[in-house]
Amino acid sequence: MKKRTRRQIYKDYAEAIAAMKANKPVKRSGAKDGSIPTHPMIPVSDLPESEVLKDCLKWLRKHGIVCNRNNTGSGQMGASGFYSYGIKGAGDIIGLCNGSGRHFEIECKRGRGGRLSEIQQKRMKNIRDSYGIYLVIHGIEELKYLGADFFRE
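Residues numbered from 1 in each chain as written. Predicted model: local features only at pLDDT ≥ 70, side-chain atom pairs only at ≥ 80, totals over all residues. Heavy atoms only, no water.

I'd like a description of the state of the cysteines, backed by residues and values.
Enumeration over the complete set of coordinates arrives at zero disulfides. Free cysteine Cys56: the closest other cysteine sulfur is in Cys108, separated by 4.2 Å. The exposure class assigned to Cys108 is buried, which follows from its relative accessible area of 0%. (Disulfide = S-S within 2.5 Å. Buried < 20%, exposed > 50% of the residue type's maximum accessible area, 1.4 Å probe, protein only.)

Account for the pairing of strand 4 (residues 81–85), with residues named and values stated.
Taken together, the five bridges between strand 3 (residues 73–77) and strand 4 define a ladder with antiparallel strand orientation. Residue pairing in the sheet places Gly75 in a bridge with Tyr83 of strand 4. Between the end of strand 3 and the start of strand 4, which pair antiparallel, lie three residues, with Gly78 showing a positive phi angle near 65°. (Pairing = 2+ DSSP bridges. Helix = DSSP H or I, 4+ residues; strand = E, 2+ residues; numbered from the N terminus.)

Which residues make up helix 3 (residues 118–129), and what are the values?
Taking 1.5 Å of rise per residue, the twelve residues of helix 3 would be expected to cover 16 Å, and the 17 Å separating its terminal C-alpha atoms lies within 8% of that figure. As for helix 3, its buried residues are in contact with strand 6 (103–108), strand 7 (114–116) and strand 8 (133–137). Tyr131 lies just past helix 3 and shows a positive phi near 65°. (Expected span 1.5 Å × (residues − 1). Contact = heavy atoms within 4.5 Å.)

Break down the nonpolar core for me, with residues and values.
Counting residues in hydrophobic clusters, the biggest one holds 20 residues, and the most contacted among them are Leu60, Ile93, Phe104, Ile106, Ile137, Leu143 and Phe151. Mapped onto this core, the elements with two or more residues apiece are helix 2 (49–62), strand 6, strand 8 and helix 4 (140–147). Discounting residues that sit within four places of it in the chain, Phe104 has contacts with Leu60, Ile65, Val66, Cys67, Ile93, Ile94, Gly95, Leu96, Cys97, Ile133 and Phe151. Leu116, Met124, Tyr134 and Val136 belong to the second-largest nonpolar core, a separate cluster that totals five residues. (Core = buried A, V, L, I, M, F, W, Y, C linked by side-chain atoms within 4.5 Å.)

I'd love a proper account of the packing of aromatic side chains, names of residues and values included.
Considering all chains together, one arrives at two aromatic pairs under this definition. Judged by centre distance (5.0 Å) and plane angle (70°), the ring pair of Phe104 and Phe151 falls under edge-to-face. Of this pair, Phe104 sits in strand 6 while Phe151 sits in the segment after helix 4, placing them 47 residues apart in sequence. Like Phe151, Phe104 is buried. One aromatic cluster in this structure is built from Trp59, Phe104 and Phe151. (Phe/Tyr/Trp six-rings, centres within 6.5 Å; stacked < 30°, edge-to-face > 60°.)

Don't take any of this as a statement about function, it's just geometry.
Rendered as structure tokens:
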């Protein structure tokens, strides 16, 4: 978990003092690690993230869309040292839209919702500012709904 800045801590203190003075319950302004909750836009089946990812990859490939799975991690690689791989904050699926060739990334979350980390939020903003597509998907139904604007069938 990322350490909170002094500014975040002092802001929480100020809001807590104001709430106590007003006889209201104290609430934290955000998650300790800076993540935000995500929820599906349309009703989807409640599947684990791994199933959502597998279904999305299958659907995209079935429709001829160039995409790859982005794995991220780190670890000891032999005797030579500690290495990291993948793109931090990038979506679980990276690819190109058929027809337009626009870059897209899809971050898969479990069906009932999940949390988008601070680094994922920054990546999403960077991709969207560069006219790319960054979607947070909770099920294949949501991919079909949101992807209708970007992916040709």
